[in-house]
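Observations on the three-dimensional arrangement
Spelled out, the chains give:
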Amino acid sequence: LTSDQERNSSTAHMTPTPLGSGLMGISLSSIQAGSIYESVGLRNGDVVATVEGIHLFSSNSDRLLREKVSSDQTNSISMALLRDGCPATLEIHLI
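All of the points below concern the structure found in this document. This one's a predicted model, so the numbers in the text were calculated from it and none came from an experiment. (Residues numbered from 1 in each chain as written. Predicted model: local features only at pLDDT ≥ 70, side-chain atom pairs only at ≥ 80, totals over all residues. Heavy atoms only, no water.)

1. Some thoughts on the overall build of the chain
- Scanning the chain from terminus to terminus reveals three helices and six strands.
- Its helices and strands in sequence order give the chain the pattern α-β-β-α-β-β-α-β-β, from N to C terminus.
- Expressed as a percentage of its 95 residues, the buried residues of the chain come to 36%.
- Just so you have it, the chain exposes about 5,500 Å², and 50% of that area is on carbon and sulfur atoms. (Helix = DSSP H or I, 4+ residues; strand = E, 2+ residues; numbered from the N terminus. Buried < 20%, exposed > 50% of the residue type's maximum accessible area, 1.4 Å probe, protein only. Areas by Shrake-Rupley, 256 points an atom, 1.4 Å probe, with all protein chains shown as cover.)

Here it is in structure tokens:
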């Protein structure tokens, strides 16, 4: 990981969220003020189900989410999530 990726990985807590016998996605909490997660519009309590159409249903999903959000090679990211229990889509345009 680059120093930016390492710093970003510590600015939010990510927990796999169960659904029946599988996983629903990754639940975000403890998002720090000024972090990349806050700056792109993610909130505490959001459950991210997909990033760029990739389902976050495995034990290494938190790593994939961190990589996508902090990648220097990505101009935009689309996420499907649950916010306050309601489905939502977040389109993130990175500069």
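2. A few points about unusual backbone geometry
- For Ser 30, which is not a glycine, the phi torsion comes out positive at approximately 55°.
- Positionally, Ser 30 belongs in the loop between strand 2 (22-29) and helix 2 (36-39).
- For Asp 84, which is not glycine, the phi dihedral falls at a positive 55°.
- Mapped onto the elements of the fold, Asp 84 is located in the loop between strand 5 (76-83) and strand 6 (86-93).
- According to the relative accessible area criterion, Asp 84 is exposed, its value standing at 73%.

3. Some points on the pairing of strand 6
- Note: strand 5 against strand 6, eight bridges, orientation antiparallel. Directly across from Leu 81, in strand 6, lies its bridge partner Ala 88.
- What sits between strand 5 and strand 6 in their antiparallel hairpin is a turn of two residues, with Asp 84 showing a positive phi close to 55°. (Pairing = 2+ DSSP bridges.)

4. Observations regarding the pattern of salt bridges
- In this structure the tally under the stated criterion is one salt bridge.
- A salt bridge links Asp 46 to Arg 83; the nearest nitrogen and oxygen atoms lie 2.7 Å apart. Taken as a pair, Asp 46 in the loop between helix 2 and strand 3 (47-51) and Arg 83 in strand 5 lie far apart in primary sequence, 37 residues in all. Summarising the burial analysis for this pair, Asp 46 and Arg 83 share the class buried. (Salt bridge = Lys/Arg side-chain N within 4 Å of Asp/Glu carboxyl O.)

5. Examining the nonpolar core
- Formed by 16 residues in total, the largest nonpolar core has its most connected members in Leu 28, Leu 42, Val 48 and Met 79.
- Counting only elements with at least two residues in this core, the list comes to strand 2, strand 3, strand 5 and strand 6.
- Considering every element that reaches this core, the biggest residue donor is strand 5, with three residues. (Core = buried A, V, L, I, M, F, W, Y, C linked by side-chain atoms within 4.5 Å.)

6. Describing the environment of Ser 27
- Its place among the elements puts Ser 27 in strand 2.
- Taking C-alpha positions, Ser 27 is 5.9 Å from Thr 17, a pair spaced ten residues apart along the chain.
- For Ser 27, the contacting residues outside a window of four places in its chain are His 13, Met 14, Thr 15, Thr 17, Asp 46 and Val 47. (Contact = heavy atoms within 4.5 Å.)

7. Topic: the pairing of strand 3
- Counting buried residues along strand 3, four of its five residues qualify, which places the element largely inside the surrounding structure.
- In terms of strand pairing, strand 2 meets strand 3 through two bridges, oriented antiparallel. Pairing of Ser 27 across the sheet is with Val 47, part of strand 3.
- Examined bridge by bridge, strand 3 and strand 5 share four bridges and lie antiparallel to one another. When the sheet's bridge partners are listed, Val 48 is paired in strand 5 with Leu 81.
- Sheet topology note: the strand 3/strand 4 (residues 54-55) ladder contains two bridges and is antiparallel. When the bridges of strand 4 are listed, Val 51 appears paired with Ile 54.
- Between the end of strand 3 and the start of strand 4, which pair antiparallel, lie two residues, with Glu 52 showing a positive phi angle near 55°.

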